[in-house]
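# Inside the fold
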Amino acid sequence: MAEELRIVLRNYGKIDPLNIDDYLNAGGYKGLEKARSMSQLDVINEVRKSNLRGRGGAGFNTGAKWSFAYNTGAEEKYVVCNADEGEPGTYKDRIIMENDPQSLLEGMAICAYAIGAKKGYIYCRGEYPYVVEKLNVAIQQAKDKGCLGDFDIEVRMGAGAYVCGEESALIESIEGHRGEPRFKPPYPPVKGLWNKPTIVNNVETFANLPVILEKGADWYSSIGAKSYPGTKVLTLTGDVVNRTFIEVPTDTTIRQVIYDFGGGIPNGKKFKAVQIGGTSGGFIPAEFLDTSIDFDSMAAIGATLGSGAVFVMDETRDMVDVIKRITKFFEHESCGKCSPCREGTKRMHEIICRLTAGQGSADDLSNMERLGRVMSVACLCGLGQAAPAPFLTTLKHFAGDYNAYLN
Ligand SMILES: Cc1cc2nc3c(=O)[nH]c(=O)nc-3n(C[C@H](O)[C@H](O)[C@H](O)COP(=O)(O)O)c2cc1C
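Residues numbered from 1 in each chain as written. Predicted model: local features only at pLDDT ≥ 70, side-chain atom pairs only at ≥ 80, totals over all residues.

## Digging into the packing of helix 4 (residues 62-71) against helix 6 (residues 101-115)
Orientation of helix 4 relative to helix 6, taken along the N-to-C sense of each, is 45 degrees, at an axis distance of 9 Å. By the angle between their axes, helix 4 is oblique relative to helix 6. Along its contact with helix 4, which presents Trp66, Ala69 and Tyr70, the element helix 6 presents Cys111, Ala114 and Ile115. (Axes fitted to C-alpha atoms, helices over the stretch in contact; angles between N-to-C directions. Helix = DSSP H or I, 4+ residues; strand = E, 2+ residues; numbered from the N terminus. Parallel < 35°, antiparallel > 145°, perpendicular 65-115°, else oblique. Contact = placed C-beta atoms within 7 Å.)

Printed below as a string of structure tokens:
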């Protein structure tokens, strides 16, 4: 396997995650110490200058997001870590939290200092009860050592709904309400948890921060792709020899990820497609394998980096069969608050089922394409907006698979 560059996973396998002394001996909490020696605005500007962009999917500049909350001047603010990780095929946040929970806590404390928050929540997916146990031990140790100062962190568990990874649905869920997205604007940095300014960042985003503060924005922004610097933790699944996780600079190409790190396609088969960024990611054919994985390069080919899930498919895979499972997922996970998503995800699955039952027509495909385009602009949140992407991209790149089902 080619060599990784580990920033987020710098302590992986080197420290006992349940012993804070190991983290401190490895240089832990130096980033927070440095942050506290700076003014709040200087910390925000340093993070903004590093061009660290969110690792949860939307790719927003982290420092810029923090400045919105800071600028409100409100007395009460919150820091929330999105550890919902509901994206099928993604487990990078679990790896970070299980192996180096203090780096997440330190990242959250840096954010809390910068924006002026005293309370933080980690919203962890319900399927990770063992991770919650580790986080609670880590929080207690950090409190006992006085590392967090007057910043308090509490863990809240989700209950298995994919939509609760969407930041405003997540906030509703922490408040004890049904997990449904809010209308935006206002965005959470201005009006979030209990209508107070709230920063929601992903686990991987937070875990980058201690190192950025310690080594500086210039060091960080010189790594990987210029417009989306640093590294990305990816999880490789599907028809690939090494089904594992890796951390690589963001200018690594898809081909390098699959062949140099993933070891290629097993059993001498040929590559057919790869879906990056989870269930709602676009499908990428062989002609785009030399694209780098950074956020903007992926967007330029109609794909996404998203959460960093890399799902590889060999030549034997039928794209229509794959899409049938994906449309079922979205039909099940739609929260039902807005009608384009509630109805649209249902109709999409219905049409694909009709097609695979041998009762589909060319009109079905063009209707589904139109429906997908409407959903991508009319749905209330990213779930419904992105749900048609797998269908639209497979129809574009693998039309032959669909035509095979037409009478
Ligand atoms: C349906 C849906 C699910 C999402 N799931 C997650 C998730 O599991 N983890 C995550 O960090 N972001 C998720 N997001 C993105 C969040 O809304 C938000 O953009 C992110 O937590 C912001 O953090 P970042 O700026 O550090 O990336 C999801 C978005 C949507 C629309």
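From this point, the narrative continues.
## As for the packing of helix 14 (residues 339-356) against helix 15 (residues 362-378)
Describing two packed helices takes the angle between their axes plus the distance from one axis to the other. One can describe the packing of helix 14 onto helix 15 by two numbers: an axis separation of 10 Å at closest approach and a directional angle of 155 degrees. In this view, helix 14 runs roughly antiparallel relative to helix 15, as classed from their interaxial angle. Every pair of crossing elements has a handedness; the one defined by helix 14 and helix 15 is left-handed. Between helix 14 and helix 15, the contacting residues are Pro340, Cys341, Gly344, Arg347, Met348, Ile351, Arg354 and Leu355 on the first element and Asp364, Met368, Leu371, Val374, Met375 and Ala378 on the second. Residue composition of the contact of helix 14 with helix 15, grouped by class: 10 nonpolar, 1 polar and 3 charged. (Left-handed = near helix turned anticlockwise from the far one by under 90°. Nonpolar A, V, L, I, M, F, W, Y, C, P; charged D, E, K, R; others polar.)

## Concerning the pairing of strand 3 (residues 152-157)
Two faces, one strand: in a regular strand the side chains alternate between the faces of the sheet. Looking at chain direction, strand 2 (residues 119-124) and strand 3 are connected through 6 bridges and run parallel. Across the sheet, residue lysine 119 finds its bridge partner in strand 3, namely aspartate 152. With helix 7 (residues 129-144) bridging strand 2 and the parallel strand 3, this β-α-β connection has right-handed handedness. (Pairing = 2+ DSSP bridges. Right-handed = clockwise from strand over helix to strand, strands pointing away.)

## Things to note about the site of the ligand
Taken together, 23 residues surround the ligand, and among them Gly54, Gly56, Gly165, Asn202 and Gly382 come closest. Mapped onto the shell around the ligand, the elements with two or more residues apiece are strand 4 (198-202) and helix 16 (382-386). The element best represented in the shell around the ligand is strand 4, accounting for 3 residues. Split by residue class, the shell around the ligand holds 7 nonpolar, 10 polar and 6 charged. Among the domains, domain 1 (20-222) and domain 3 (319-403) are the pair contributing at least three residues each to the shell around the ligand. (Near = placed C-beta within 6 Å. Domains from an automatic or database assignment.)

## Looking at the domain arrangement of the chain
Segmentation of the chain into domains returns domain 1 (20-222), domain 2 (225-314) and domain 3 (319-403). Between the C-alpha centres of domain 2 and domain 3 there is a distance of 23 Å. Taken together, the contacts link 10 residues of domain 2 with 12 residues of domain 3. Of the residues assigned to the side of domain 2 that touches domain 3, the class counts are 4 nonpolar, 6 polar and no charged.

## Thoughts on the nonpolar core
Counting residues in each nonpolar core, the largest one holds 121 residues, and the members touching the most others are Met108, Cys111 and Val274. Here this core gets 9 residues from one element, more than from any other, and that element is helix 6. Excluding its chain neighbours within four sequence positions, the residues that come into contact with cysteine 111 are Trp66, Val79, Ile199, Asn201 and Phe206. (Core = buried A, V, L, I, M, F, W, Y, C linked by C-beta atoms within 7 Å. Buried ≥ 20, exposed ≤ 12 C-beta atoms within 10 Å, placed from the backbone.)

## Quick look at the sheet that holds strand 2
If you trace the 4 strands from one edge of the open sheet to the other, you get 3-2-1-4, paired in parallel fashion. Across the chains shown, the open sheet's two edge strands, defined by having one partner strand only, are strand 3 and strand 4. Direction aside, the axes of adjacent strands within the sheet are offset by 20 degrees on average. Across 5 bridges, strand 1 (residues 78-83) lies against strand 4 in parallel orientation. Along strand 4, the bridge assignment pairs cysteine 81 with asparagine 201. Taken strand by strand, helix 6 contacts strand 1, strand 2, strand 3 and strand 4, and its axis lies near 150 degrees from that of strand 1.

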